[in-house]
Amino acid sequence: MDKDKELDALADEAEELDGYFSDTPLDPKPDYPPLRDTFENSVVITNLPKAPGSKYDKLMKAVVKLVTKIGTPVEFEDFSGVYMPFDKEKDSSVGFCMVEFKSAEEAENAVKVLENYKFDKNHTLSVSLYPRAKELENIETKEFQEPEPAPFVEKANTMEWLEDANQRDSFVIRHGRETEVYWFDARNDPVVDYDGSREKEAGVAWCEYYCHWSPAGSYLATLVPSRGVILWGGKNYEKLGRLAAPGVRVVLFSPQENYIFINNEDPNDPAACKVYHIQTQKLLRAFPLYPEGVPKDKPPPPPFLWSHDDKYLARMGKNLVSIFETPSMRLLDKRSLATEGISEFQWSPRANILAYWAPEATNSPAHVDLIEIPSRKQLRQKNLFNVTRCSMVWHDQGDYLAVKVTRHTKSKKTFYNNIELFRLNESSVPVEMLDTKHAVMALVWEPNGSRFAMIHAENPNASKVDVSFYDMKKQVETKGKKAKAQTELISELNKVETLQGRQCNFLFWSPAGTNIIMASLGDAASGTLEFYDVDSKTLVIKEHYRCNQVLWDPSGRSVATIVSQPVEGGHFKFAMDNGYILWSFQGKQLCQQSFETFYQFQWRPRETLLSRTEIEKVKRNLKKYEKQFDKADRVRERKLYLEETKGKRMERAKIREVLQRNRELRARRRAEYITLLGGYDSDDESNYVTREVTRETILSTKEEIVVG
């Protein structure tokens, strides 16, 4: 009955609406968005923490915050772009989530960035694209079968050069289109080790720009801007790999040779700086040339610096230092080191200690800070006033840090210097100040020692300067009641001496210490080289006109002075002076080579295998080793003499052979010879009469009157 009433009501309503509807049949086609069934813009993130219901929202916020830094998730009314399943029975999330980005490019970038990302102390994320996750779901479970190991291929021994029987050093030069590696023993002329002959035969250049040795000399990196960086090593300089880096201009090996930093210096390239793992040749991360917040029109860009143990790579940004951990190349503790107004930073050569300085701000003085990494503990801070600029110089063993401070008066018209000296190995890192009225133009530490040298003068543009030597330790005598007086070293700054009126603008300590070169370098300089022994006070003055580089070999036995020009085109007005001269550490010229175009000279570095204690032991027992060295020298000289006189000895042997044949022939014909002479034998002494005649000859006479 009720149905009939409803039908009647509908009929009445249809009758009232009659005339309002069109006779055209309806064919609705709703405008739905295209259906996507590939899910290429979605990723699956696994190994997330399993959070209970009370912490689910907190975990979701952390995940959303993380993924939004990489791309833009697709959002709807009640959907944030992240779906994280929740098990109601266990009252816990299940340890994974799915994220949908607006583009497939963002999803691919998320896989690269978040793979192996350390979410917290106990969870490292694993990320894959959704299609890949579906493929893994359908993989059949089978019993694991261990694959056959690949056949062993012996790799090149990159340390074989250290086994050279003559303990020679090695260097590489670039001139013209040539790149050549030489041996040098500081006694004879350099000997070619490899000149790229293999590559010449193949019609390729093994270097087109500059080349660089790794810190321990294991690798030689040659730069070919069209191809990238090529690594060479082993006895025959085999090709060990190529790292893609179009337009490469700069390479920087990590100190332990695990990584290499490559830079093409292109400010518009978002991947201008690249970090590779050397053994696997895997790209770990790429960076833009300028960090965020640093204007691109402010050259040069902040440099990247390696820590001594390869653990960290750091770069300065605006009011911060970004420290990246290896091998993940992620920010240490997910945050940069905030340093308001930072102007420069440096790593300690022997510890993970960061030194930086910042200029004066509105309400705070300038300051130098020492920060321990990774704890970020401040080891020392030194406040400075009326500061114009600072420059930091580390001791090669990290024992000391010198900060040259340029100060100004209140009027800012007069400038003066002082040196702040930090003692890193002592408790609380004490700081001493060396005050000087002069302008300080250079300061250099003695390797493996406690001394430093500095150039200073009243006028920084003076042609004659003073060179002063200081020691961070002082010898004092200690007297006991019964014991004899003894000397001991105490930590106290001690002035050793000052050399006045020198003509130099650079200082170069020998790697072995004790010897230093005071050089006058540059286009307008004289090229004077002063070889000075700080212990014996001996001075030898030489000259290399137009010299613009001085490079000691790793052992300190010899030193190279160089006149070079840049690789980048153009006419070099001093081309006639191009080349290098090799000297002994005492200033004796050993070898000279000239080239029409000369671009680079670089010694092959070698590690110091002996500790300080072992080096001191060798010095004390040097006489013990002198006999061994003298014997080896005699053997080497004898071998060299035999090689040089080989041709003469062969000619002498031929002459002696001819004489012997003639003697034998004469002996065979002796009887016939005597017969022809009628029995007379000219060799018979009895056929001769011997008579002795004495003749006196007066050469000179002298008459002398003696008064009695």
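Notes on the structure follow. (Residues numbered from 1 in each chain as written. Predicted model: local features only at pLDDT ≥ 70, side-chain atom pairs only at ≥ 80, totals over all residues. Heavy atoms only, no water.)

Some thoughts on the overall build of the chain
The criterion, for reference: Helix and strand labels come from DSSP, where a helix needs a run of H or I of at least four residues and a strand needs a run of E of at least two; each type is numbered from the N terminus. The reference for a compact globule is 2.2 Å times residues^0.38; the radius of gyration itself is calculated from the C-alpha atoms. Relative accessible area decides the class of each residue, using a 1.4 Å probe on protein chains only: under 20% of the type maximum gives buried, over 50% gives exposed, and in between gives partly exposed. In this analysis, two residues are considered to be in contact whenever any of their non-hydrogen atoms come within 4.5 Å of each other. Note on areas: these come from Shrake-Rupley sampling with a 1.4 Å probe, and a residue is covered only by the protein chains present in the view. His is not counted, nor are the chain ends, whereas Lys and Arg count as positive and Asp and Glu as negative. Charge placement uses NZ in Lys and CZ in Arg. For Asp and Glu, CG and CD serve respectively.
The number of helices and strands found in the chain is nine helices and 45 strands. For 708 residues, the compact-globule estimate of 2.2 N^0.38 gives 27 Å, and the chain exceeds it by more than 25% at 41 Å. Looking at the 708 residues of the chain, the share that counts as buried comes to 38%. Sequence-distant contacts in the chain: of pairs separated by 6 or more residues, those separated by 24 or more amount to 47%. Looking at the chain as shown, the accessible area adds up to about 45200 Å², and 50% of this sits on carbon and sulfur atoms. Positive and negative side-chain charges of the chain, numbering 100 and 107 respectively, have mean locations separated by a distance of 11 Å.

Quick look at unusual backbone geometry
Following Thr 326, the chain continues into Pro 327 via a peptide bond in cis, with omega recorded as 0 degrees. Residue placement: Pro 327 occurs in the loop between strand S22 (320–325) and strand S23 (330–331). Of note, the bond from Ile 373 into Pro 374 is cis; its omega dihedral lies within 30 degrees of zero at 15 degrees. The residue Pro 374 is located in the loop between strand S27 (366–372) and strand S28 (377–384) in this model. Backbone geometry places Asn 319, a non-glycine residue, at a positive phi of 65 degrees. With respect to the secondary-structure elements, Asn 319 resides in the loop between strand S21 (312–317) and S22. Phi at Arg 546 is positive, roughly 70 degrees, even though this residue is not glycine. Examined against the element boundaries, Arg 546 turns out to sit in the loop between strand S40 (539–543) and strand S41 (549–552).

Considerations on the sheet that holds strand S34 (residues 451–457)
Keep this limit in mind: We treat two strands as partners when DSSP finds at least two bridges between them. Lines fitted to C-alpha atoms define the axes here, with helix axes fitted over just the stretch in contact, and angles between the N-to-C directions of these axes take values from 0 to 180 degrees.
One open sheet holds the four strands; their spatial order is S33-S34-S35-S36, and the pairing between them is antiparallel. Two strands close off the open sheet at either side, each with one partner strand: strand S33 (439–445) and strand S36 (486–502). Adjacent strand axes in the sheet meet at a mean angle of 25 degrees, parallel and antiparallel pairs treated alike. Bridging between S34 and strand S35 (residues 465–478) involves six bridges; their strand directions are antiparallel. Within S35, the residue paired with His 456 across the bridge is Asp 466.

What to know about the environment of Ile 371
Here Ile 371 shows up in strand S27. Sequence separation between Ile 371 and Phe 506 is 135 residues, and the spatial gap between their C-alpha atoms is 30 Å. Non-local contacts of Ile 371, meaning those with residues more than four positions away in its chain, are made with Leu 337, Asn 352, Ile 353, Leu 354, Tyr 356, Arg 376, Lys 377 and Gln 378.

Brief notes about a negative patch on the surface
Applicable threshold: Think of a patch as exposed residues, more than 30% relative accessible area, with no salt bridge, where like charges cluster within 9 Å and nonpolar side chains (Val, Leu, Ile, Met, Phe, Trp, Tyr) cluster within 5 Å. By convention in these notes, a salt bridge is any Lys or Arg side-chain nitrogen within 4 Å of a carboxyl oxygen on Asp or Glu.
A cluster of acidic residues, Asp 4, Asp 8, Asp 12, Glu 13, Glu 15 and Glu 16, forms a negative patch at the surface. Here Glu 13 lies in helix H1 (residues 2–16).

Here's the deal with the sheet that holds strand S15 (residues 238–243)
Pairing within the open sheet is antiparallel, and its four strands lie in the order S12-S13-S14-S15. Every interior strand has two partners, whereas the edge strands, strand S12 (211–213) and S15, have only one. Across the sheet, the mean angle from the axis of one strand to that of its neighbour is 25 degrees, orientation sign disregarded. Pairing analysis gives five bridges linking strand S14 (residues 228–233) to S15, with the strands arranged antiparallel.

Thoughts on the nonpolar core
Rule in force here: By nonpolar core we mean a set of buried residues, namely Ala, Val, Leu, Ile, Met, Phe, Trp, Tyr and Cys, connected to one another through side-chain atoms within 4.5 Å.
Residues Ile 45, Leu 48, Val 63, Val 67, Cys 97, Val 99 and Leu 114 are the most contacted members of the largest nonpolar core, which totals 23 residues. Mapped onto this core, the elements with two or more residues apiece are strand S1 (42–46), helix H2 (56–68), strand S5 (96–100) and helix H3 (104–114). Ranked by the residues each element gives to this core, the list is headed by H2, at six residues. Sequence-distant contacts of Val 63, that is, excluding residues within four places in its chain, are made with Leu 48, Val 82, Cys 97 and Phe 119.

Examining the side chain of Arg 315
Inclusion rule: Definition of a polar contact: a pair of N or O atoms within 3.5 Å, with one able to donate and the other able to accept a hydrogen when the atoms are protein atoms, and with sequence-neighbouring residues admitted only if both atoms are side-chain atoms.
With respect to the helices, strands and loops of the structure, Arg 315 is situated in strand S21. Put simply, Arg 315 is tucked away with no salt bridge, and the nearest opposite charge, on Glu 292, sits 9.3 Å away. Here Pro 288 takes part through its backbone oxygen, which lies 3.0 Å from a polar atom of the side chain of Arg 315. In terms of polar contacts, Arg 315 uses its side chain to reach the backbone carbonyl oxygen of Leu 289, at 2.9 Å. Those residues in contact with Arg 315, other than ones at most four positions away along the chain, are Phe 287, Pro 288, Leu 289, Tyr 290, Pro 291, Pro 302, Pro 303, Phe 304, Leu 320, Val 321, Ser 322 and Phe 345.

Describing the pairing of strand S29 (residues 387–394)
Pairing between S29 and strand S30 (residues 400–408): seven bridges, direction antiparallel. Pairing of Met 392 across the sheet is with Val 403, part of S30. Count of turn residues in the S29/S30 antiparallel hairpin: five residues, of which Gly 398 carries a positive phi of about 75 degrees.

Concerning the packing of aromatic side chains
Which entries qualify depends on this criterion: Pairing of aromatic rings covers Phe, Tyr and Trp, the last counted by its six-membered ring, and requires centre-to-centre distances within 6.5 Å; plane angles under 30 degrees mean stacked, over 60 mean edge-to-face, and any other angle means tilted.
Using the criterion set out here, one finds 28 aromatic pairs in the structure. Relative to Trp 603, the ring of Phe 171 lies with its centre 5.4 Å away and its plane at 75 degrees, an arrangement referred to as edge-to-face. Residue Phe 171 is found in strand S9 (residues 169–175), and its partner Trp 603 is found in strand S45 (residues 598–603); the two are separated by 432 residues along the sequence. Taking the relative accessible area as the measure of exposure, Phe 171 reaches 0% and is therefore buried. For Trp 603, a relative accessible area of 7% corresponds to the buried category. Here Phe 469 and Trp 509 contribute two aromatic rings whose centre-to-centre distance is 6.1 Å and whose plane-to-plane angle is 80 degrees, an arrangement assigned as edge-to-face. Taken together, the positions of Phe 469 in strand S35 and Trp 509 in strand S37 (residues 506–509) put the pair 40 residues apart, joining distant regions of the chain. The two residues Phe 469 and Trp 509 agree in class, both being buried.

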